[in-house]
Amino acid sequence: MKKFLLFAFLVFLVAGCAEDTTNNSTSDGQTSQEQLNKVDDAFTNEFKKYVTDDTGSAAYTGEFSAQSETNIKSLLQNITGRGGMPATAGIGEVANEEIATAIAKIIASDSGSAEVLKYSILSQSTNSFLSSVMQIFMSGSGEPVKKSL
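Just so it is clear, the model here is predicted, and its values are computed rather than measured.

S.K.: I'd love a proper account of helix α4 (residues 97–109), names of residues and values included.
M.R.: For α4, with 13 residues, the first-to-last C-alpha span of 18 Å sits near the 18 Å given by 1.5 Å per residue. Those residues of α4 that sit buried are I99, A100, T101, A102, I103, A104, I107 and A108. The opening residue of α4 is N96, an N-cap whose side-chain oxygen sits 2.7 Å from the backbone nitrogen of E98.

S.K.: Talk me through helix α6 (residues 126–139); I want residue IDs and the actual numbers.
M.R.: For α6, built from 14 residues, the straight-helix expectation of 20 Å at 1.5 Å per residue is met to within 8% by its first-to-last C-alpha distance of 20 Å. Buried residues of α6: F129, S132, V133 and I136, and no others. Mapping the buried residues of α6 onto a view down its axis gives an arc of 100°, with all of them on the same face. Every exposed residue of α6 that faces more than 90 degrees away from the buried side is listed here: N127 and M138. Buried residues belonging to α6 abut α3 (66–80) and α5 (119–122).

S.K.: Describe the nonpolar core, naming the residues involved and giving the relevant values.
M.R.: F43, F47, L75, I103, V116 and F129 are the most contacted members of the largest nonpolar core, which totals 24 residues. Only α2 (33–48), α3, α4, α5 and α6 provide two or more residues apiece to this core. Looking at this core, the element that brings in the most residues is α4, giving 6 residues.

S.K.: Tell me about the environment of L36, and please be specific about residues and values.
M.R.: Its place among the elements puts L36 in helix α2. The exposure class of L36 is buried, given its relative accessible area of 7%. Along the primary structure L36 and E97 are separated by 61 residues, whereas in three dimensions their C-alpha atoms are 8.8 Å apart. If we ignore the near neighbours within four places in the chain, the residues touching L36 are T31, R82, E93 and V94.

S.K.: Go over the environment of G81 with me, naming the residues and quoting the values.
M.R.: Along the chain, the position of G81 falls in the loop between α3 and α4. Assessed through its relative accessible area of 15%, G81 is described here as buried.

Calculation criteria
- Residues numbered from 1 in each chain as written.
- Predicted model: local features only at pLDDT ≥ 70, side-chain atom pairs only at ≥ 80, totals over all residues.
- Heavy atoms only, no water.
- Helix = DSSP H or I, 4+ residues; strand = E, 2+ residues; numbered from the N terminus.
- Expected span 1.5 Å × (residues − 1).
- Buried < 20%, exposed > 50% of the residue type's maximum accessible area, 1.4 Å probe, protein only.
- Polar contact = N/O pair within 3.5 Å; in protein donor to acceptor, adjacent residues only side chain to side chain.
- Arc of directions from axis to C-beta.
- Contact = heavy atoms within 4.5 Å.
- Core = buried A, V, L, I, M, F, W, Y, C linked by side-chain atoms within 4.5 Å.

Put into structure tokens, the structure is as follows:
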């Protein structure tokens, strides 16, 4: 929980410092789908820089499958409430590419994220990937969460 609060604070801080001089919203005040796609692409492109091989010790140099790109985008979409998580559980809409890039850097720099950065984790089916992500962030170790009675 501390990691999530720290992460949310950092995103809030970055968002507060960013200056957006363009209008990326639709007539009803919502961010356009085109802009959301640009945000997703900025996050994905930055995140790819930190992906490692299966050992976790070297940068991944292979091709990224469509499934791995979908899974990378799903990270941001779930963080912001556009994915499978309820919108109220996310940090809110991100409509700026620089902020999306900063979020990718924050995730990659957290020591608890090392398992999520492995290509073998990223190329799994969406359900397996999100399950791995939840196990990693809920337990802090990549091991399944064990309940005690």
